[in-house]
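Single-letter residue listing:
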Amino acid sequence: MNIHEYQAKEILRAAGVPIPPGEIATTPDQAEAIARRIGKAVVVKAQVHVGGRGKAGGVKLAKSPEEAREKAQAILGMSIKGLTVQKVLVAEAADIASEAYVGIIMDRASKRPVFMVSAAGGIDIEEVAATTPEKILKLPIDPRYGLLPFQAMRLGFFLYDDLAKARAAARIMGQLYRAFVDSGCSLAEINPLVVTPAGEVVAIDAKMAIDDNELDRRSSIAVLRDESAEAPSEVQARNAGLTFIKLDGNVGCCVNGAGLAMATMDLVKYYGGEPANFLDIGGSSNPEKVVNALRIITADTNVKAILFNIFGGITRTDDVANGIVTATKTNPLQVPIVIRLTGTNEELAMKILTENGFSASSDMDEAVQRAVALATGGKAA
Ligand code: GDP
Ligand code: MN
């Protein structure tokens, strides 16, 4: 789960990280009022779940409350990477002498939280990592001990030569690590961490992604979910108990089990197609789940063909067949569908489908090739 910058800042502020004050506005009027309360130059920032807002015109400085209103007017409602801006953060503007990057990610390779810090902050860290990796210090943290003081100082000195600044940064590293662990993060990032002309070290941007598996035991974090800022299809899928990730291709995939869903996407690509989504209807699927899955897949106008790939273990393939029949009766399909199923109650499933005018096969390669051909109008290999 992604949370907004302003929410991440609240968590980090509570952990002690120095962050300029700010408030949320949903209208230009509110933005002006907040800027007036702050009484200094402000920065107006789009609150959407993507990076690179600055480059997209979603971060603007304003010297007066009137200007804050104008900037908010321009930013509210704008679209950044497909997401509409519904809220802006109006924060006291910082004067910047230098910008650094500080982040922690949960790393699969080392199976640990890994700090990544760089004095080349502000811009895309991916670019720094690709072109000048020596400018990034990576430091895995043993979760049994947490961030030890000498490690924090090492990170601080990698960013700043000056002792006072290195110490200030080290303190912030500790606070960020605490927040990362306590909030169940898979990623926590401050970019940029800035030094002001007065020599203070402050965080002016924050990003946190929470591991969904950590939410059940963290109700105060779970409530931070902003469904209005998420892809509508992903919200619908979650509420229907489906695991769904929207992708950019045109083969809509409906699969049971995450492993088979991954294998299906691989095979779609292997045969020259592009999956429109990852969708796992789960182990013991009932017809209702299939109905929901089809509704979500067909809502995506990119989808040119639908591929069902079901391996019946706990899942009964006749349940899936009934789901397909029910769903397409209430909501006739506008695109072709290719059905592959095998396993539990396979014969019954085939019978249900054939009686209702569908064809189905039990061969995965064949089904995927057909779906790719239908989606690409026969152009794929
Ligand atoms: P992002 O583009 O989504 O990462 O948004 P950021 O909050 O990181 O802002 C992008 C850039 O805008 C920063 O790297 C800064 O250069 C600039 N910026 C953001 N906030 C301030 C501020 O308070 N004062 C000044 N002078 N520049 C800012
Ligand atoms: Mn940033």
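Visitor: Sorry if this is basic, but what is going on with helix α2 (residues 28-38) here?
Guide: The complete set of buried residues in α2 reads Pro28, Ala31, Glu32, Ile34, Ala35 and Ile38. Relative to the axis of α2, the buried residues are bounded by an arc of 165° and lie together on one face. Where the residues of α2 are buried, they touch β2 (22-25), β3 (42-46), α3 (65-75) and β7 (88-92). Following α2 by one or two positions, Gly39 has its phi on the positive side, about 75°.

Visitor: Please explain the coordination of the manganese ion (ligand 2) as it appears in this structure.
Guide: Metal coordination angles have textbook ideals: 109.5 degrees for a tetrahedral set of four donors and 90 or 180 degrees for an octahedral set of six. For the manganese ion (ligand 2), the protein coordination sphere consists of Asn191 (O) and Asp205 (OD), at 2.1 to 2.2 Å. On the criterion of sequence distance, the pair formed by Asn191 in strand β11 (residues 185-195) and Asp205 in the loop between β12 (201-203) and β13 (207-210) is long-range, its members being 14 residues apart. Considered together, Asn191 and Asp205 belong to a single accessibility category, that of buried residues.

Visitor: How should the packing of helix α9 (residues 258-270) against helix α13 (residues 364-375) be read in this particular structure?
Guide: Working note: a packed helix pair is described by the angle between its axes plus the distance between those axes. Running from N to C, α9 and α13 cross one another at 55°; their axes reach a closest spacing of 9 Å. When the axes of α9 and α13 are compared, the pair comes out oblique. Where α9 crosses over α13, the two elements pack in a sense that is right-handed. Residue-level contacts link Leu260, Ala263, Thr264, Leu267 and Val268 of α9 to Met364, Asp365, Val368 and Val372 of α13. Partitioning the contact of α9 with α13 into residue classes produces seven nonpolar, one polar and one charged.

Visitor: Hey, could you run me through unusual backbone geometry in this one?
Guide: Most of the time, phi is negative for any residue but glycine, and the peptide bond is trans. For the bond from Asn191 to Pro192, the omega torsion is 10°, close enough to zero to count as cis. Here Pro192 shows up in strand β11. Residue Lys81 is not a glycine yet carries a positive backbone phi of 45°. Counting through the fold element by element, Lys81 comes out in the loop between β5 (79-80) and β6 (83-84). The phi dihedral of Lys111 falls on the positive side, at around 55°, and the residue is not glycine. You can see Lys111 is positioned in the loop between β8 (98-107) and β9 (112-118).

Visitor: How should the nonpolar core be read in this particular structure?
Guide: What tends to happen in soluble globular proteins is that the nonpolar side chains get buried as a cluster. Within the largest apolar cluster, 42 residues are counted, with the highest numbers of intra-cluster contacts made by Leu12, Val102, Phe115, Met173, Ile190, Leu193 and Met208. Among the elements that line this core, the one with the most residues is helix α6 (residues 163-182), at nine residues. For Leu12, the residues in contact, after removing those within four places along its chain, are Val17, Ile19, Leu176, Ala179, Ile190, Ala206 and Met208. Formed by 30 residues, the second largest nonpolar core is a distinct cluster that contains Ala237, Ile310, Ala321 and Val325.

Visitor: I keep staring at the side chain of Ser361 and nothing clicks. Help me out?
Guide: Structurally, Ser361 can be placed in strand β19 (residues 360-361). The class of Ser361 is buried, set by a relative accessible area of 16%.

Visitor: Sorry if this is basic, but what is going on with the site of ligand 1 here?
Guide: Inspection of the region around ligand 1 gives 16 residues, with Lys45, Arg53, Gly54, Ala94 and Glu99 positioned closest. Asp205 places a polar side-chain atom, nitrogen or oxygen, 3.0 Å from an oxygen atom of ligand 1. Here ligand 1, which alone exposes 560 Å², has 80% of that area covered by the protein. Those elements that provide at least two residues to the shell around ligand 1 are β3, β4 (59-62) and β11. Of the residues contributing to the shell around ligand 1, the split by class is eight nonpolar, four polar and four charged.

Thresholds applied
- Residues numbered from 1 in each chain as written.
- Chains lettered and ligands numbered in written order.
- Predicted model: local features only at pLDDT ≥ 70, side-chain atom pairs only at ≥ 80, totals over all residues.
- Heavy atoms only, no water.
- Buried < 20%, exposed > 50% of the residue type's maximum accessible area, 1.4 Å probe, protein only.
- Helix = DSSP H or I, 4+ residues; strand = E, 2+ residues; numbered from the N terminus.
- Arc of directions from axis to C-beta.
- Contact = heavy atoms within 4.5 Å.
- Donors = N, O, S within 2.8 Å, 3.2 Å for Na, K, Ca; no water.
- Axes fitted to C-alpha atoms, helices over the stretch in contact; angles between N-to-C directions.
- Parallel < 35°, antiparallel > 145°, perpendicular 65-115°, else oblique.
- Left-handed = near helix turned anticlockwise from the far one by under 90°.
- Nonpolar A, V, L, I, M, F, W, Y, C, P; charged D, E, K, R; others polar.
- Core = buried A, V, L, I, M, F, W, Y, C linked by side-chain atoms within 4.5 Å.
- Near = heavy atom within 4 Å.
- Polar contact = N/O pair within 3.5 Å; in protein donor to acceptor, adjacent residues only side chain to side chain.
- Areas by Shrake-Rupley, 256 points an atom, 1.4 Å probe, with all protein chains shown as cover.

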